[in-house]
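Fold and geometry: a report
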Amino acid sequence: MDIFQKFKETVSSVLPIMLMVILLGLTVAPMPFFVLTRFVLGGILVIVGLTIFLLGVDIGILPIGERSGAALTAKRSLPLLLAAAFLIGFIVTVAEPDVQVLADQVKGIAPQVSKWGLILMIGVGVGLFVALGILRTVLSIPLNILLTISYIAVFALAFLAPATFQGVAFDSGGATTGPMTVPFIMALGVGVAAVRSKSAKNGKLSSSSDDSFGLTGIASVGPVLAVIIYGIVLNGGNASDSESLSAESAHSLGQGIFVFLNLLPSILKEVSAALAPLVAMAAVFQLFLLKMPPMQVVRMIRGFVLSFVGLILFLTGAQGGFMPAGEALGEVLGVASRTGAFWTVLLVAVGFVFGAIVVCAEPAVWVLTDQVESISGGTIKRKVMLVALSSGVALSIGISMLRVLFAFSLWYILIPGYALALLLSFISPKLFTGIAFDSGGVASGPMTSTFVLSFTLGASSASGGNPAVDAFGVIALVAMTPLIAIQILGIIFRIKTNRSEKAKIGSEAEK
């Protein structure tokens, strides 16, 4: 694996974010010098950490996921496969750092909610729907049919849930698909689909590439449904004053550049909790299922170590530099938006641009685009995928800024958006539908959850809105728009392919 290529890709993703924040911070949205200094230091940590993390994922996490899926499928025991799928989904979700962050944020606005109760419900939701996704692959259930039924159930129950849980529920669907969950779940799905396609020599079953994607998208539905049910059971509760969030962030700003050192103990604990269950699971699978040779085991261990170090550096940079700068920038532009139309337009435009470039810095996005290019044999290029993802997420952040300013309901966007996405699933090629719903989950990873959510919280608070209502839901919108963008890309891809085939046939006929 070429570490220099990984470094080049990471720099090209993170550097535009840094340049834009610095430019705004030094011109139209002035921020304290120490905030910008921390942001630059955080950016360096993000670049180095993301490079090391992605290298570790390629070496250690993806191979164990693929081998586990293949080995479990080869056992030809559906109960064993589904039970293992549930366990994998549950363990990696409970340990996911993004889920921990989301649970803390929810606890801040709804003190009556149990943090670990919420986390366990999200874990159960993911586990159940990972098992459901594996069952879909084994039984050849069409992805669009399963997604349509699932989302109809989600929206029907959502209207029964308390208002304070609605945005949080859809945000949980994006938060669960973080840097630990996505690689393992996607690799598990690829492994199951690969073994299944090998056993389908008669050609009656769908191709491996069609079934290799979609598992992450299905898994994202589970926590939404679980949190909605959890909210109905608790019967809601009013959101508390969000000033505690602002006070906490203001306190962290006052810690100066030494905040990175102060963050290390908690991040070390989070990352250890995220990786320990995966390591334990890999050890159990190695002893009783995989039985890989020593050289492969050493390689896997090396990958986990690299992932551990990389994720610590990445999260330290994101939390120590990106989150404070994002909230500070949002507050400056939010205050300015009260003074005239120009600043209102600027806030929306800045959100749009941030959406376009932040998604490219998500670790899981790089994992997804790598796998897409590999599975498609290079037919679907990474650059095309990134452009489509960036366009969709840019639109979602722009809409989120409008919600902050005008406080309209999240349902006005989610209902027609998901209706369009599900409609396109019956038109777009199956492979692109699976990729699209996987993309919706991975686009809303740690970079989006930290920088973008902090930016939205700051803008909402400073513009006179209610951050507890107006800011939450931004992750849900980020997760939704790629569903539409990628499927439209699939339709365009099909049209171009058909035209080229017709042209080829025509030229051969002339000869």
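Look a little higher up for the structure.
The structure contained in this document is the topic of the report that follows. A quick note: this is a predicted structure, and the numbers were derived from the prediction, not measured. (Residues numbered from 1 in each chain as written. Predicted model: local features only at pLDDT ≥ 70, side-chain atom pairs only at ≥ 80, totals over all residues. Heavy atoms only, no water.)

Let's talk about the overall build of the protein
This is how it is decided: Helix and strand labels come from DSSP, where a helix needs a run of H or I of at least four residues and a strand needs a run of E of at least two; each type is numbered from the N terminus. Relative accessibility under 20% of the residue-type maximum defines a buried residue, over 50% an exposed one, and the middle range a partly exposed one, all with a 1.4 Å probe and only protein chains included. Contacts were defined at the residue level, with two residues in contact if any of their heavy atoms lie within 4.5 Å. In these tables, accessible area is a Shrake-Rupley quantity obtained with a 1.4 Å probe, and a residue counts as shielded only by the protein chains included in the view.
Helix and strand counts for the protein stand at 21 helices and zero strands. When each of the 511 residues of the protein is scored for burial, the buried share is 59%. Nonlocal contacts in the protein, meaning residues at least 24 apart in sequence, comprise 86% of its contacts between residues at least 6 apart. Carbon together with sulfur atoms contributes 71% to the accessible area of the protein, which is approximately 19800 Å² in total.

Some thoughts on the environment of Val 182
Within the secondary structure layout, Val 182 lies in helix H8 (residues 181-198). A residue is classified by how much of its surface remains accessible, and Val 182, at 0% relative accessible area, is buried. When the C-alpha positions of Val 182 and Val 365 are compared, they lie 9.3 Å apart, and in sequence the two are 183 residues distant.

Quick notes on the environment of Gly 473
Secondary-structure assignment places Gly 473 in the loop between helix H20 (467-470) and helix H21 (474-510). Remark: the alpha-carbon pair of Gly 473 and Asp 171, spanning 302 residues in sequence, is separated by 5.7 Å. With residues up to four places along the chain from it excluded, the contact list for Gly 473 reads Gly 167, Asp 171, Arg 403 and Leu 410.

So, the nonpolar core
Rules: Nine residue types can take part in a nonpolar core, namely buried Ala, Val, Leu, Ile, Met, Phe, Trp, Tyr and Cys, and a core is a set of them joined through side-chain atoms within 4.5 Å.
If you look at the biggest cluster of nonpolar residues, it comprises 150 residues, and the most contacted ones within it are Phe 170, Phe 354 and Leu 414. Considering every element that reaches this core, the biggest residue donor is helix H2 (residues 33-74), with 14 residues. Not counting residues within four places of it along the chain, the set of residues in contact with Leu 414 comprises Phe 155, Phe 170, Ala 476, Leu 477 and Met 480.

Concerning the packing of aromatic side chains
Condition: Paired rings are identified among Phe, Tyr and Trp, the last through its six-membered ring, by centres lying within 6.5 Å, and are further divided according to the angle between planes into stacked (under 30 degrees), edge-to-face (over 60) and tilted (the rest).
Tallying each qualifying case throughout the model produces 14 aromatic pairs. Centre to centre, the rings of Phe 165 and Tyr 230 are 6.2 Å apart; their planes meet at 85°, and the pair counts as edge-to-face. Placement of the pair is Phe 165 in helix H7 (residues 163-175) and Tyr 230 in helix H10 (residues 215-234), with a sequence separation of 65 residues. The exposure classification of Phe 165 matches that of Tyr 230, with both residues buried. With 6.3 Å between their ring centres and 45° between their planes, Phe 170 and Tyr 418 make a pair best called tilted. Here Phe 170 is found in helix H7, whereas its partner Tyr 418 is found in helix H17 (residues 411-424), with 248 residues between them in sequence. The two residues Phe 170 and Tyr 418 agree in class, both being buried. These aromatic residues form a ring-pair network of at least three members: Tyr 151, Phe 155, Phe 159, Phe 170, Trp 411, Tyr 418 and Phe 437.

Some thoughts on H7
What counts, and what does not: Residue count minus one, scaled by 1.5 Å, sets the expected span of a helix.
Given a rise of 1.5 Å per residue, 13 residues ought to cover 18 Å, and the 19 Å separating the end C-alpha atoms of H7 matches this to within 8%. Burial analysis of H7 places eleven of its 13 residues in the buried class, which makes it a mostly covered element.

Regarding the packing of helix H1 (residues 3-26) against H2
Test applied: Between the N-to-C directions of two axes lies an angle of 0 to 180 degrees, each axis being a line fitted to C-alpha atoms and, for a helix, fitted only over the stretch in contact. If an angle is under 35 degrees, it is roughly parallel; if it is over 145, roughly antiparallel; if it lies from 65 to 115, roughly perpendicular; otherwise it is oblique. Helix crossings get a hand from a simple test, with the near helix turned counterclockwise from the far one by less than a right angle marking a left-handed crossing and a clockwise turn marking a right-handed one. Three categories are distinguished: nonpolar for Ala, Val, Leu, Ile, Met, Phe, Trp, Tyr, Cys and Pro, charged for Asp, Glu, Lys and Arg, and polar for the others, with Gly belonging to the last.
The geometry of H1 relative to H2 is characterised by a closest axis approach of 9 Å and an angle of 160° between their N-to-C directions. With respect to H2, the axis of H1 lies roughly antiparallel. Between H1 and H2 lies a crossing of right-handed hand. Of the residues in H2, those touching H1 at Ile 3, Lys 6, Phe 7, Thr 10, Val 11, Val 14, Ile 17, Met 18, Val 21, Ile 22, Gly 25 and Leu 26 are Leu 36, Phe 39, Val 40, Gly 43, Ile 44, Val 46, Ile 47, Leu 50, Thr 51, Leu 54, Leu 55 and Asp 58. Tallied by class, the residues present in the contact of H1 with H2 amount to 18 nonpolar, four polar and two charged.

A short note on a nonpolar patch on the surface
Rules: Surface patches are drawn from residues lacking salt bridges whose relative accessible area is over 30%; two like charges belong together within 9 Å, two nonpolar side chains (Val, Leu, Ile, Met, Phe, Trp, Tyr) within 5 Å. The term salt bridge refers to a pairing of a side-chain nitrogen on Lys or Arg with a carboxyl oxygen on Asp or Glu at a separation within 4 Å.
Where nonpolar side chains cluster on the molecular surface, the patch consists of Ile 145, Ile 149, Leu 420, Leu 423, Phe 426 and Ile 427 and spans about 560 Å² of accessible area. Residue assignment for the nonpolar patch shows that the elements contributing at least two residues are helix H6 (143-158) and H17. With respect to the helices and strands, the residue Ile 149 is situated in helix H6.

Focus on unusual backbone geometry
Positive phi, close to 50°, is recorded for Lys 291, a residue that is not glycine. Residue classification places Lys 291 among the exposed residues on the basis of a relative accessible area of 61%. Of note, the phi angle at Ala 407 is positive, near 55°, even though the residue is not glycine. As for its position among the elements, Ala 407 is in the loop between helix H16 (382-406) and H17.

Digging into the packing of H1 against helix H14 (residues 341-358)
Packing of H1 against H14 brings their axes to within 9 Å, and their N-to-C directions diverge by 155°. Accordingly, the angle class assigned to the pair H1 and H14 is roughly antiparallel. Residue-level inspection shows Ser 13, Pro 16, Ile 17, Met 20, Val 21 and Leu 24 of H1 in contact with H14, the latter providing Val 350, Val 353, Phe 354, Ile 357 and Val 358. Class assignment of the residues belonging to the contact of H1 with H14 gives a composition of ten nonpolar, one polar and no charged.

Considering the environment of Ala 83
Relative to the elements of secondary structure, Ala 83 occurs in helix H3 (residues 78-94). Measuring from C-alpha to C-alpha, the distance between Ala 83 and Leu 128 comes to 9.3 Å, with 45 residues separating the pair along the chain.

Some remarks on the side chain of Ser 400
Stated precisely, the cut-off is as follows: Within 3.5 Å is the distance limit for a polar contact, defined as a pair of N or O atoms, with the added protein rule that one can donate a hydrogen and the other accept it, and that residues adjacent in sequence qualify only through two side-chain atoms.
Along the chain, Ser 400 falls in helix H16. There is a polar contact of 2.9 Å between the side chain of Ser 400 and the backbone oxygen of Ser 396.

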